[in-house]
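# Breakdown of the fold
Okay, here's what each chain looks like letter by letter:
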Protein chains: 2
Amino acid sequence: MSYRERLTVDPARIRSHLQSFARIGYQPGGRMARLAFTQDDLRARQLLLHMMSQIGLFTRIDEFGNVFGRLPASGDAASRPPVLIGSHLDTVYDGGRFDGSLGVVAALEAVTLIAENGVELERPVEVVSFACEESSRFGRGTLGSGIVAGAWEPEEIMELQDRDGQRLGKALQRIGLEPEDVGRARRSPGDYAAFLEIHIEQGRVLEESENQVGVVDAIAAPSRFRLTIAGQADHSGATPMNLRRDALTGAAEIILAVERFASDAPDVVGTVGVIQAEPGAINIVPGRVVFTIDIRGTSSDQKRQVVENVMEAIHETARRRDLETSIETLGEEEPVQLDSGLIELLESCCEDRAIPYLRMPSGAGHDAMQMARICPSAMLLVPSRRGISHNPEEWTELEDLVAGVQAYSDATLRLATQS
Amino acid sequence: MSYRERLTVDPARIRSHLQSFARIGYQPGGRMARLAFTQDDLRARQLLLHMMSQIGLFTRIDEFGNVFGRLPASGDAASRPPVLIGSHLDTVYDGGRFDGSLGVVAALEAVTLIAENGVELERPVEVVSFACEESSRFGRGTLGSGIVAGAWEPEEIMELQDRDGQRLGKALQRIGLEPEDVGRARRSPGDYAAFLEIHIEQGRVLEESENQVGVVDAIAAPSRFRLTIAGQADHSGATPMNLRRDALTGAAEIILAVERFASDAPDVVGTVGVIQAEPGAINIVPGRVVFTIDIRGTSSDQKRQVVENVMEAIHETARRRDLETSIETLGEEEPVQLDSGLIELLESCCEDRAIPYLRMPSGAGHDAMQMARICPSAMLLVPSRRGISHNPEEWTELEDLVAGVQAYSDATLRLATQS
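Just so we're clear, the structure is a prediction, and the values are computed from it rather than from any experiment. Each chain carries its own residue numbering, running from 1 in the direction its sequence is written. A letter from A marks each chain and a number from 1 marks each ligand, given out in the order of writing. Residues qualify for local features only when their pLDDT is at least 70, as the model is predicted, and side-chain atom pairs are given and counted only at 80 or more; totals for whole chains, interfaces and linings, by contrast, use all residues. Hydrogens and water molecules were not included; the side-chain quantities draw on all heavy atoms of the structure.

### Observations regarding the overall build of chain A
Summing up its helical and strand segments, chain A has twelve helices and 18 strands in all. Throughout, the radius of gyration refers to the C-alpha atoms, and the reference size of a globule is 2.2 Å times the residue count to the power 0.38. Computed over its C-alpha atoms, the radius of gyration of chain A comes to 23 Å, within 12% of the 22 Å expected for a compact globule of 419 residues. Each principal axis of the C-alpha atoms in chain A carries an extent, and together these give about 85 × 45 × 45 Å. Counting all 419 residues of chain A, 62% fall into the buried class. Contact criterion: two residues are considered in contact whenever any of their non-hydrogen atoms come within 4.5 Å of each other. The contacts in chain A between residues at least 6 apart in sequence include a share of 78% that link residues at least 24 apart. Per-residue and other accessible areas were derived by the Shrake-Rupley procedure at a 1.4 Å probe size, with only the shown protein chains allowed to occlude residues. Per element, the accessible surface of chain A, about 16000 Å² overall, is 44% carbon and sulfur. Charged residues are defined narrowly, with Lys and Arg counted positive, Asp and Glu counted negative, and His plus the chain ends left uncounted. By convention, the charge on Lys lies at NZ, on Arg at CZ, on Asp at CG and on Glu at CD. On chain A, the mean spot of the 42 positive side-chain charges and the mean spot of the 63 negative ones are 4 Å from each other. In DSSP terms, a helix is any run of H or I states spanning at least four residues, a strand is any run of E spanning at least two, and both are numbered starting from the N terminus. Throughout, exposure labels follow a simple rule: accessible area from a 1.4 Å probe, protein chains only, divided by the maximum for the residue type, with under 20% read as buried, over 50% as exposed, and the rest as partly exposed.

Here it is, written out as structure tokens:
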């Protein structure tokens, strides 16, 4: 059997669907924002439900607001665990047109091809748009997929607050959902045959290696810290160098240590993205510096070692420079290995279409990271121009989108039709 | 003739005047801020004008907002160049109660003693509070004295901006002064017989050597720069270490180079006091960092060498890390040697009162540094407990304040009465 000729993705439809979503939340000046559970997010889900109906999917919104659309199978196959495909539609404050939306549009494309061609399914295919994947509104991401996969305690999640102090529980009530029912959205191992997601890379690895597709083997998890260094604020002119307790020169040593230790570990990255020096005047030796450390890796062992090395460097610097430090842990997550069978399937789909691909880790977190807790999961990435994401300048060339969605659709078809 | 018995300073009055100023700009939690030309700065000047009137001085506010109060002389003496005494009332963001205020209070004390005792003057005595001595608001210091002494181009100074982007010219307009008239505040060599200033040390040299007074022989001058480093903002998870152009790790190297080169030169200090990283998110590699560099020394040669070394380090780091840098010179001043005649006078005043003193350089810049351009100028310093200044914990013991103000008043009296 080969549906291959008939199941060729339609570039015009992919582009048109992406544009339809990009218009929702669009703001003057080219900016776009669809924060989770805001009116624009709801508009995007409304459009998704409409598109799902057009394809003939059976739609369902679960207790956390995750949107599902099922293409059913017949006979015995109807009751088998479905293949789940999708991503998310919410964005960051200043979002792009691909982060999240591409994964939903690709899932719609795959299921459209299967439906249009009357493919005989061995199991249902379900399209999902997980709610609140971005951490921008409530400070924590992959909430919808984490609820489904049992990663979060619903009671705890309901207490998260946005910038304006609104609780997530309240935001759900405002769209007619009951916070106390959220736990019912949880699914168990065995409920899904597989989860497949496609997403933009948000980095430059594919662009620089000239590949069209990345097959993700592992998703890096961040360990995040907020470090406060206290020294003594002194007059910059009247305080000899040997009498200083400069919090910023101490911080500079630690920033370079984060870079050095992360560079030495092949599968780890380390970043200081936020820094504040106080009192912050040109003629005052900084007495206090606060900065964040974000260390990620696909290898638990390497990440743990880098975190240990950085902590030791912090204490050594503090001792030598007579500084005080306090370290607050903001998050400590484990890397996720994706399913090897699915990785091979995705690679074979790329090979069949002669699509240049690279097996690679994902440095960014995604819904697939949560779904891997309860079913075999895998991910494809497509290039991001200049690595830009979470920004209106986010861009992926149509031919790369098409290559990625094609491999993704082929893999979905194979999973849905193999007995 | 000896006014010495009668011209003994009044410790209670000195303390009371210092407290009156310290209350202006006081904030809950013990902090105090009177940034140049802010409402609290204006309140402090208002109080000064009131105090001057009480003493019977003729007050005047010049075109830059410098506040003068003149004790006139009679007959021929009335038209002779006056002795100018004073300092400043503006503070840094988190200021102390002595930096600046002490010099104004001491000048009021000296002129009060002279007025109360009906001393026959050979020339007028003028008290001054220079505007905007601190660089905290507009990024450059000694503006008021520099305008009077002709150190700054008024047009250029008017364009300086504060944190909120407000131009200095606009700040002047808001208090009723015309930016285009500022040049008229300039005075010429010969307009003043001398300038005397007393200030807290802001370092630990007097405390450690157990002297009550420092007689300043030279003032270290700062070279100040604002450095912008541009790399590329990238997703912290999705960008491998070797593909990064991290502006903050580049900045960290330069911060440590400033410290290292300044430490190697005996008469130089170097400081990075302000740093800003953009976009400033925990999960984004900083694409742009802006920070200040402040290098000071009493030796021109050593300072020049340190500046050269730092510039070379900046270029080397930028080259190696593929970063772009732009360096803005905020100020480039030469160390100032003070007047040897006045230094001897101040030393003799200390000796007459058996006050233990030390001849020493000042690492901090002061208004006297500017006034030395147009008249013989000199300075006294009093100890700062633990060297702390620009901080609410700034402290000088009353007996040291009294010793310093006594020597300062004696010197003022001698200058005002010698023909």
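This is not the end of the story, as more comes after the structure.
### Digging into the environment of Val105 of chain B
Residue and element names in this part refer to chain B. Mapped onto the elements of the fold, Val105 is located in helix 3 (residues 101-116). Residues Val105 and Leu7 lie 98 residues apart in sequence; the distance between their C-alpha atoms is 16 Å. Here Val105 is in contact with Ile14, His17, Leu18 and Phe21, once residues within four sequence places are set aside.

### With respect to the pattern of salt bridges
The salt bridge criterion pairs a side-chain nitrogen of Lys or Arg with a carboxyl oxygen of Asp or Glu, the two atoms within 4 Å. For the structure shown, the criterion picks out 55 salt bridges over all chains. For Arg204 of chain A, the salt bridge identified is with Asp234 of chain B, shortest N-O distance 2.4 Å. Separated into two different chains, Arg204 of chain A in the loop between strand 7 (194-200) and helix 7 (205-209) and Asp234 of chain B in strand 10 (residues 234-235) make up a pair that spans both. In terms of burial, Arg204 of chain A and Asp234 of chain B fall into one category: buried. Across the salt bridge formed by Arg359 of chain B and Glu347 of chain B, the nearest N and O atoms sit 2.8 Å from each other. Remark: Glu347 of chain B occurs in helix 10 (residues 340-352) and Arg359 of chain B occurs in strand 17 (residues 357-362); sequence separation between them is twelve residues. Overall, Arg359 of chain B belongs to the partly exposed group, its relative accessible area being 41%. Glu347 of chain B sits in the buried class, given a relative accessible area of 11%. One continuous salt-bridge network, built from bridges that share partners, spans Glu253, Glu316, Arg320 and Arg321 of chain A together with Glu259 of chain B.

### Considering the packing of helix 8 (residues 247-264) of chain A against helix 9 (residues 300-321) of chain A
All names here are of chain A. Close contact between helix 8 and helix 9 brings their axes to 9 Å; oriented N to C, the two are set at 155°. Classified by the interaxial angle, the pair formed by helix 8 and helix 9 is roughly antiparallel. Of the two possible hands of crossing, helix 8 and helix 9 adopt the one that is right-handed. Counting all contacts with helix 8, which are made through Thr249, Gly250, Glu253, Ile254, Ala257, Val258, Phe261 and Ala262, the residues of helix 9 involved are Val306, Asn309, Val310, Ala313, Ile314, Thr317, Arg320 and Arg321. Under the scheme applied here, ten amino acids are nonpolar (Ala, Val, Leu, Ile, Met, Phe, Trp, Tyr, Cys and Pro), four are charged (Asp, Glu, Lys and Arg), and all others, including Gly, are polar. Among the residues forming the contact of helix 8 with helix 9, the class breakdown is nine nonpolar, four polar and three charged. Throughout, an axis means a line fitted to C-alpha atoms (over the contacting stretch in the case of helices), and angles, computed between N-to-C directions, take values from 0 to 180 degrees. These descriptions rest on fixed angle ranges, namely under 35 degrees for roughly parallel, over 145 for roughly antiparallel, 65 to 115 for roughly perpendicular, and the rest for oblique. By the definition used in this description, the sense in which the near helix is turned from the far one sets the handedness, with an anticlockwise turn below a right angle giving left-handed and a clockwise turn giving right-handed.

### A few points about the interface of chain B and chain A
With 60 residues of chain B in contact, the opposing surface of chain A contributes 55 residues. Summed over both partners, buried area is the accessible surface (1.4 Å probe) that two parts give up on being assembled. Approximately 4800 Å² of surface area, both sides summed, lies buried where chain B meets chain A, with 60% of it carried by carbon and sulfur atoms. Of all residues in chain B, Arg204, Met241 and Ile282 of chain B give up the largest surface area on contact with chain A, accounting jointly for 15% of the area buried on that side. Viewed at the interface, chain A and chain B are joined by three salt bridges. Nitrogen and oxygen atoms within 3.5 Å of one another constitute a polar contact, given that in protein one can donate a hydrogen and the other can accept it, and given that sequence-neighbouring residues count only through two side-chain atoms. In this structure, the connection of chain B to chain A is made through 14 residue pairs in polar contact (both at pLDDT 80 or more). Where the side of chain B that touches chain A is concerned, the elements lending two or more residues are strand 10, helix 8 (247-264), strand 11 (268-271), strand 12 (275-278), strand 13 (284-285) and strand 14 (288-297) of chain B. Looking at the side of chain B that touches chain A element by element, the count peaks at nine residues for helix 8 of chain B. Looking at the side of chain B that touches chain A, its residues break down into 24 nonpolar, 23 polar and 13 charged.

### Things to note about unusual backbone geometry
Residue Pro279 of chain A is bonded to the preceding Glu278 of chain A through a cis peptide linkage, with omega at 5°. By the element assignment, Pro279 of chain A lies in the loop between strand 12 (275-278) and strand 13 (284-285). With a phi close to 70°, Gln202 of chain B is a non-glycine residue in the positive phi region. Along the chain, the position of Gln202 of chain B falls in the loop between strand 7 (194-200) and helix 7 (205-209).

### Quick look at the packing of aromatic side chains
Between two aromatic rings, the relevant description is the distance of the centres plus the angle of the planes. Aromatic contacts are taken between Phe, Tyr and Trp rings whose centres are within 6.5 Å, Trp giving its six-membered ring; a plane angle under 30 degrees counts as stacked, one over 60 as edge-to-face, and the others as tilted. According to the stated counting rule, one finds six aromatic pairs over all chains in the structure shown. Judged by centre distance (5.6 Å) and plane angle (85°), the rings of Phe37 of chain A and Phe64 of chain A are edge-to-face. Placement of Phe37 of chain A in the loop between strand 2 (31-32) and helix 2 (39-55) and of Phe64 of chain A in the loop between strand 3 (58-61) and strand 4 (67-71) is noted, with a sequence separation of 27 residues between them. Since its relative accessible area comes to 7%, Phe37 of chain A is described here as buried. Aromatic side chains Phe130 of chain B and Phe195 of chain B sit 5.9 Å apart centroid to centroid with 65° between the ring planes, which places their arrangement in the edge-to-face category.

### Observations regarding the domain arrangement of chain A
Residue and element names in this part refer to chain A. Annotation comment: domain bounds sourced from an automatic or database domain assignment. The domains assigned to chain A are domain 1 (11-220 + 335-416) and domain 2 (221-332). The C-alpha-based centres of domain 1 and domain 2 are spaced at 36 Å. Domain 1 puts nine residues into the contact, and the matching count from domain 2 is eight residues. Looking only at domain 1, the three residues that lose the most surface to domain 2 are Ala220, Pro335 and Gly363, adding up to 74% of its buried area. Linking domain 1 with domain 2 are zero salt bridges. Where domain 1 meets domain 2, there are two residue pairs in polar contact (both at pLDDT 80 or more). Its residues assigned to classes, the side of domain 1 that touches domain 2 comprises six nonpolar, three polar and no charged.

### Looking at the relation of the copies chain B and chain A
Only residues with pLDDT of at least 70 in both copies count here: their C-alpha atoms drive the least-squares fit that superposes the copies. In screw terms, the move from chain B to chain A is a rotation of 176° and a rise of 3.0 Å along the axis, fitting with an RMSD of 2.7 Å. The fraction of interface residues of chain B whose copies in chain A are also interface residues reaches 85%, indicating that both copies meet through the same surface.

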